[in-house]
Amino acid sequence: MSSRDEKLEFMKKVTILVDTREKKNEHIIEALDNLGVMHESRKLDYGDYSFTIENRDFSRSCIIERKADVDELYNNITTDRQRIEKEFDTIARNAVQCRLLIENVSGWVSLRGYTLPELTADKQGRKVRNIGETVHNTLKSWQCGNRYGFGVEFSPDKQHSALMMLDIFFWFWRNYKQQTAPRR
């Protein structure tokens, strides 16, 4: 079976788990509905999204933490840093795979160059404009294997976020199946 056929089969069987605390995700739910992909709202131990398939729950092993934009992530880093670091630490200690999905950013270069239209005061009262560089440098540090070890994915258009999530979950599931298949 080709990976395309496997992916179509996966989309028929998978249920995407959405954390009950996840906000402003109507675009993701709508995209899943349009694709005919089942989803369920449930309190997850960590992260915003995970999945179940064939009576296997991957909510503690493969998760996605979603941020709607650079502004949200900058706010987490500067005003709620202890909470977000604690969450990434918990994920790193428990999950096999974590992906941070940042919407409305096309990649590392655009993230680093992201600036606010005008100066704004940060938590320490400093005037900042280039919040993208702060986010970029923090994420580069955090994603190292000796820190939290997560991967970063970018969704330049929030309409593609659901497809990106499905892709991440599909490849995790596919590799899981291969690793647990009986050896010949």
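In this report, we go over the structure that sits alongside the text. (Residues numbered from 1 in each chain as written. Predicted model: local features only at pLDDT ≥ 70, side-chain atom pairs only at ≥ 80, totals over all residues. Heavy atoms only, no water.)

### Some thoughts on helix 1 (residues 3-13)
Cut-off, in case you're wondering: Exposure is judged per residue with a 1.4 Å probe applied to protein chains only, and the accessible area is read against the type maximum: over 50% gives exposed, under 20% gives buried, and values in between give partly exposed. The helix count covers DSSP runs of H or I at least four residues long, the strand count covers runs of E at least two residues long, and both are numbered beginning at the N terminus. Think of it as the arc spanned by the lines of direction from the helix axis to the C-beta atoms. The contact criterion used is simple: two residues touch if any of their non-hydrogen atoms lie within 4.5 Å.
When we look at burial in helix 1, the residues that qualify are Glu-6, Phe-10 and Met-11. Viewed end-on, helix 1 has its buried residues packed into an arc of 140°, placing them on one side of the element. For helix 1, the exposed residues set more than 90 degrees away from the buried face come down to Arg-4 and Lys-12. As for helix 1, its buried residues are in contact with helix 2 (26-35), strand 3 (49-53) and helix 7 (161-180).

### With respect to the nonpolar core
Worth spelling out the cut-off: Grouping buried Ala, Val, Leu, Ile, Met, Phe, Trp, Tyr and Cys residues that are joined through side-chain atoms within 4.5 Å yields what is termed a nonpolar core.
With 25 residues, the main nonpolar core has Phe-10, Val-14, Ile-16, Tyr-49, Phe-51, Leu-166 and Phe-169 as its most contacted residues. Sorting the residues of this core by element identifies helix 1, strand 1 (15-19), helix 2, strand 3, strand 5 (62-67) and helix 7 as the ones contributing at least two each. No other element matches the eight residues that helix 7 contributes to this core. By size, the runner-up hydrophobic cluster in this structure holds 24 residues, among which are Ala-95, Val-105, Ile-131 and Tyr-148.

### Quick look at the packing of aromatic side chains
In plain terms, the rule: In this scheme Phe, Tyr and Trp rings, the latter by its six-membered ring, pair at centre separations within 6.5 Å, and the angle between planes marks the pair as stacked below 30 degrees, edge-to-face above 60, and tilted otherwise. A positively charged side chain is recorded as over a ring if its NZ (Lys) or CZ (Arg) lies within 6 Å of the ring centre. The angle to the ring normal must also be within 35 degrees.
All told, the structure shown has 15 aromatic pairs when counted by the stated rule. Between Phe-10 and Phe-51, the ring centres sit 6.0 Å apart and the planes meet at 70°, which makes this aromatic pair edge-to-face. Of this pair, Phe-10 sits in helix 1 while Phe-51 sits in strand 3; the two residues are 41 residues apart in sequence, bridging distant segments of the chain. Exposure remark for Phe-51: the relative accessible area of 0% places this residue in the buried category. Ring centres of Phe-170 and Trp-171 lie 4.8 Å apart, and the angle between their planes is 70°; on these two criteria the pair is classed as edge-to-face. Of the aromatic side chains, those joined through ring pairs into one cluster are Phe-10, Phe-51, Phe-58, Phe-169, Phe-170, Trp-171, Phe-172, Trp-173 and Tyr-176. Directly above the aromatic system of Phe-58 lies the positively charged group of Arg-56, at a separation of 5.8 Å from the ring centroid. Directly above the ring of Trp-108 sits Lys-140, whose terminal nitrogen or CZ lies 4.0 Å from the centroid.

Just distances and angles here, no functional claims.
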